[in-house]
Amino acid sequence: MLSPGVSPVPVRPQTSLWGAQLKTAHRSRRLVATLSAALLAGTGLTVAAAPAAHAAASDAVAKLPISSYSALAVDNVHQRVFVADSNVGYYLNSGTIAVYNFEGERLTTLTTNQAHVSGLAVSADGSKLYAGLRDRVETYDTTTFQRTAAVAVGTDYCGREVAQSSGQLYFTTPNASSVSQCATSETHLAGIVNGAYTYTGWNDYGDLLLESGAGDRMLMGQPLNAKAADPFLAVYDTGNGALVRNAARRFADDAGDGALNLKDLALSADGGKVAVADATAGTRLLNTGDLSDAATGYQALPDGATASAVAFSGDGTYIARGSAATGSVPDLLVQPADPGDSTTPLEFVFEGSLDGDRVVPRGMEWSADGSRLFAVTTNAAGGQYWLHIIKPPAVQYDARFTGGLTHSPGQAVAGEPLAVRGRLEHDGPAPAEPLKVRATRTDAGGTHDLGTATVKADGTFTVLDEPDLVGEATYTVSYLGDLTHRPATDVTHTVTVGKAPTSIALTAPEEASMSGGIEITGTFTAQGKALPERAVLKVVREDRLGTGALSSVTVAADGTFTINDVPRTRREVTYTVSWPGDGLHEGSTASAEVYVRR
């Protein structure tokens, strides 16, 4: 049974890291009222402890114990963060809910046996966690993490959305019998209204998204899919237990262009504006009353960034805009919610195995006081996930590469060490820890990660490498920023990598006799990458009777070799020893002249 409503917990004003007072900063995503029902037995619940997160570019980063993602919810009373997976591949798959504190320490992991989980939400008083499972909505105590209630709902094979508005609980149920049908299945909106299971009658194709907010408003948005070429966005009035659709909009023009490509949606704290993460158009800002475009919108996301998530801070002063980007292109902007405010956004880059590579759709929430932003990222393959806990600083300072890059030695050689040097400058105070830059080399074999290099106090850095292919190699150095420094524009430097030199040195007698024969010793030296096999040298003898090749000689492991010959005539005899080279090494030649007596 669902109680008619819950009064919000008052939050004492605090001074945020931006210097403003943020009073009620908890965004209303996936918050539901108190749900009470008879405790159902038969479904197991596993609780497991886990270690703390590690520090990174964010204030804390936790590697999530999940390989898929569905929902994020925040309990501000007990300072808990809940992250759920989306293990919907098989109808008996279990679900995982990872529980963290505001410092990034994993407190426990809840396992919903044989029932995937999606649609997390926390009650307004922070006492209960609600989880949308395959065939029910379950309630958990947020202090003991024990299940306390469950209500049977329509069976879901795809993952459902859960939202609370005006004290009522609403959730979606896709009408699909397998995961392959989810993208285009007909999804129904149902609810527990005034304590009774209610079928609202609203439905459409695709995984419909829900978002509740101030003023008894709830948003429902449709993702782009094969059965919805022109998806909709709608605003519902949920007052008095009713569900009345107000403004609605489809975005495509008469030619079919400009359709909504929805990834996330949010209501401003006063309910007057709607922000939409559109993977095609970027961040749309709309007027809630009629969903028309706001007079002033947000600046475009950085080139190369695709919108994936959006979240307003509690009093609507700030907006966080998540995206999918690569390299030093920011994945997250935090800026004033007023698009007319030209304050430079805070920029954050997530890249690599310690941070993930992009912000997931529906992957951001704020703490109630607005001091922390919680963001879920994933890697490029979408199989690993991270939870970032960010305390946005009061200001970020610019950083820039100056003077370009140089290299030494001047002639780069395959298989030989090469140093690439540059300088990174930054504004603001000296960092507590040295800054680091990342470098890659791109050559005919692809792009190779060269790791990081530490920036010295004077701003200089050195990237060490050993190129292994002949031809052009382009070095790209990136500074991805940190909490107090913005990313710098990448700097590149192209080097022509030549073949490694080789040399042959001969030691021969000045004179010899025809009867005693000739012995010539020598050494073969090859720089750069080691030869795959011992070198075989060509030997040519030239005398007054003509020129002819002798037996080739194989160089020993220590680089030495010996040539023995019985000259066929008197006077000057010249011995020429050569190696033709290979793909990574130059060839070399040496000659020795011996005067032959009878």
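Above this text sits the structure in question.
Residues numbered from 1 in each chain as written. Predicted model: local features only at pLDDT ≥ 70, side-chain atom pairs only at ≥ 80, totals over all residues. Heavy atoms only, no water.

Draft legend 1. Examining unusual backbone geometry more closely. For the peptide bond that leads from Ser408 to Pro409, omega is 0°, which places it in the cis range. Following the sequence through the fold, Pro409 ends up in the loop between strand 31 (399-408) and strand 32 (412-413). Phi is positive for Ser166, close to 55°, though the residue is something other than glycine. With respect to the helices, strands and loops of the structure, Ser166 is situated in the loop between strand 13 (162-165) and strand 14 (168-175). Non-glycine residue Arg362 carries a positive phi angle of around 60°. (Helix = DSSP H or I, 4+ residues; strand = E, 2+ residues; numbered from the N terminus.)

Draft legend 2. Local environment of the pattern of salt bridges. This model, assessed by the stated rule, comprises 19 salt bridges. Taking the shortest distance from any N to any O, the salt bridge between Arg400 and Glu425 comes out at 3.8 Å. Remark: Glu425 occurs in strand 33 (residues 418-426) and Arg400 occurs in strand 31; sequence separation between them is 25 residues. Put simply, Arg441 and Asp468 hold a salt bridge, and the shortest N to O gap is 3.8 Å. Note that Arg441 is positioned in strand 34 (residues 436-443) and Asp468 in the loop between strand 36 (460-465) and strand 37 (471-479), a separation of 27 residues in sequence. For Asp468, a relative accessible area of 34% gives the class partly exposed. A single network of salt bridges, built from pairs that share partners, joins Asp135, Arg136, Glu138 and Arg147. (Salt bridge = Lys/Arg side-chain N within 4 Å of Asp/Glu carboxyl O. Buried < 20%, exposed > 50% of the residue type's maximum accessible area, 1.4 Å probe, protein only.)

Draft legend 3. Seen up close, the packing of aromatic side chains. What the rule picks out here adds up to seven aromatic pairs. Ring geometry for Phe401 versus Phe461: centroids 5.9 Å apart, planes at 75°, classification edge-to-face. Taken together, the residues span a long stretch of sequence, with Phe401 in strand 31 and Phe461 in strand 36 at a distance of 60 residues. For the pair Phe401 and Phe461, one class covers both residues: buried. (Phe/Tyr/Trp six-rings, centres within 6.5 Å; stacked < 30°, edge-to-face > 60°.)

Draft legend 4. Molecular detail of the environment of Ala226. With respect to the element layout, Ala226 can be found in the loop between strand 18 (217-221) and strand 19 (232-237). Judged by relative accessible area, Ala226 falls into the exposed class, the value being 77%. Measuring from C-alpha to C-alpha, the distance between Ala226 and Arg570 comes to 91 Å, with 344 residues separating the pair along the chain.

Draft legend 5. Molecular detail of the nonpolar core. Core analysis: the biggest nonpolar cluster contains 24 residues, and Phe401, Leu424, Val437, Phe461, Val477 and Tyr479 have the highest contact counts within it. If we ignore the near neighbours within four places in the chain, the residues touching Tyr479 are Ser328, Ala399, Phe401, Leu424, Leu435, Lys436, Val437, His485, Arg486, Pro487 and Ala488. Residues Ile520, Ala535, Trp579 and Val596 belong to the second largest nonpolar core, which totals 19 residues. (Core = buried A, V, L, I, M, F, W, Y, C linked by side-chain atoms within 4.5 Å. Contact = heavy atoms within 4.5 Å.)

Draft legend 6. Main features of the pairing of strand 19. Within strand 19, five of the six residues are buried, which leaves it mostly tucked inside the rest of the structure. Pairing analysis gives five bridges linking strand 18 to strand 19, with the strands arranged antiparallel. Residue pairing in the sheet places Leu219 in a bridge with Val235 of strand 19. Here strand 19 runs beside strand 20 (residues 244-250); their pairing, made up of five bridges, is antiparallel. Residue pairing in the sheet places Phe232 in a bridge with Arg250 of strand 20. Hairpin connection from strand 19 to strand 20: six residues lie between these consecutive antiparallel strands, with Asn240 at a positive phi of about 60°. (Pairing = 2+ DSSP bridges.)

Draft legend 7. Quick peek at the environment of Phe251. By the secondary structure assignment, Phe251 is in the loop between strand 20 and strand 21 (262-267). By relative accessible area, Phe251 is classed as buried at 9%. Spatially, the C-alpha atoms of Phe251 and Ile319 are 23 Å apart, while their sequence positions differ by 68 residues. Excluding its chain neighbours within four sequence positions, the residues that come into contact with Phe251 are Asp230, Pro231, Leu233, Asp257, Gly258, Ala259, Leu260, Arg284 and Leu286.

By themselves, these are just geometric observations and shouldn't be taken as functional.
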